[in-house]
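# Observations on the model geometry
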Amino acid sequence: MDNEIEEFVKRCAPYSTAGKAPTKTTLESWSIPSKPWSRIHIDYAGPVDGVYFLVVVDPRSKWPEVHVTKSTTAKVSIKLLNQSFVTFGVPEIIVSDNGNQFAGHEFQVFCTNLGIRHIRTPPQSNGLTDRFVETVKTSLRKIRSDGVETPEKALQTFLQVYRSTPTSDLGGKSPAEMMFAAAIHPEEPATTPRLEEQLLDDSDTESEGIEDPEPTDAIEEAAHQETLLLERGRRMIQLPPRFKPYWMTKP
């Protein structure tokens, strides 16, 4: 995916003016973990308009987490990482550079208490986050040049596209598919039916009622429970679930 983004950057004038001259570095080769989120690579990007971005990348799926912050202290870094850990769990290994926030005692205690092995490397050896940081900075400048008001909104746009875009590096899958075994959609399709079209006819509701299909397994039962039935007077609006979490997807 990084190669494809780089080629796009070269063809785009705003990207080209925002990018920096390439540097020659010898990057350490990291093995691909056997499961997502077992090892994560972290680094800071910015500042951009007064804010920094704590970048967290899973090398197995290329799934990125990016936290917006005005401070890069160890205390803040720990708080932001815990937000990701609540969602994805505690990783086995964290790879970072030797920045003060990561090299200090407070961060070491944090990793020790959670049983995390912390590996510190020179910036050029943490190539995964180093490349992604450059991708983030360049992409945000491009998106902002298209009229997006704030770095936060630009970041949301970038992450939606990046996470949902299939890439040859992942065998034609997107980071979302590798991370959750399910695709995500960055935008609502134009063919989404209007809410009014979900209204059921009064006479049908009175004479026949609403018959719900019986779920055949636990997955369908979960989807069935997720269906919302909203009663408005004598009308029923049935809103079937649009997306299912990855754990509700059949293997």
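Before reading further, recall that the structure is shown in the block above.
My aim in this report is to walk through the structure given alongside it, one point at a time. All values derive from a computational prediction rather than experimental measurement.

## A closer look at the packing of aromatic side chains
Across all of its chains, the model carries 11 aromatic pairs by this definition. Judged by centre distance (4.8 Å) and plane angle (40°), the rings of Trp37 and Phe88 are tilted. Within this pair, whereas Trp37 is found in the loop between helix H2 (13-18) and strand S1 (39-48), its partner Phe88 is found in helix H3 (residues 74-88), the two being separated by 51 residues in sequence. On the basis of relative accessibility, which here comes to 5%, the residue Trp37 falls in the buried class. Through a chain of ring-to-ring contacts, three or more aromatic side chains come together here, namely Tyr44, Phe85, Phe102, Phe107 and Phe110.

## Quick notes on the environment of Gln101
For Gln101, the location among the structural elements is in helix H4 (residues 100-103). Put simply, Gln101 and Ile78 are 23 residues apart on the chain and 9.2 Å apart in space, counted from C-alpha to C-alpha. Once you skip the residues sitting within four places of it in the chain, Gln101 turns out to touch Tyr44, Thr72, Thr73, Ala74, Ser77 and Phe107. In this structure the side chain of Gln101 is engaged in a polar contact, spanning 2.9 Å, whose partner is the backbone oxygen of Thr72.

The rules behind the values
Residues numbered from 1 in each chain as written. Predicted model: local features only at pLDDT ≥ 70, side-chain atom pairs only at ≥ 80, totals over all residues. Heavy atoms only, no water. Phe/Tyr/Trp six-rings, centres within 6.5 Å; stacked < 30°, edge-to-face > 60°. Helix = DSSP H or I, 4+ residues; strand = E, 2+ residues; numbered from the N terminus. Buried < 20%, exposed > 50% of the residue type's maximum accessible area, 1.4 Å probe, protein only. Contact = heavy atoms within 4.5 Å. Polar contact = N/O pair within 3.5 Å; in protein donor to acceptor, adjacent residues only side chain to side chain.

Functional significance is not addressed by these values, which are geometric in nature.
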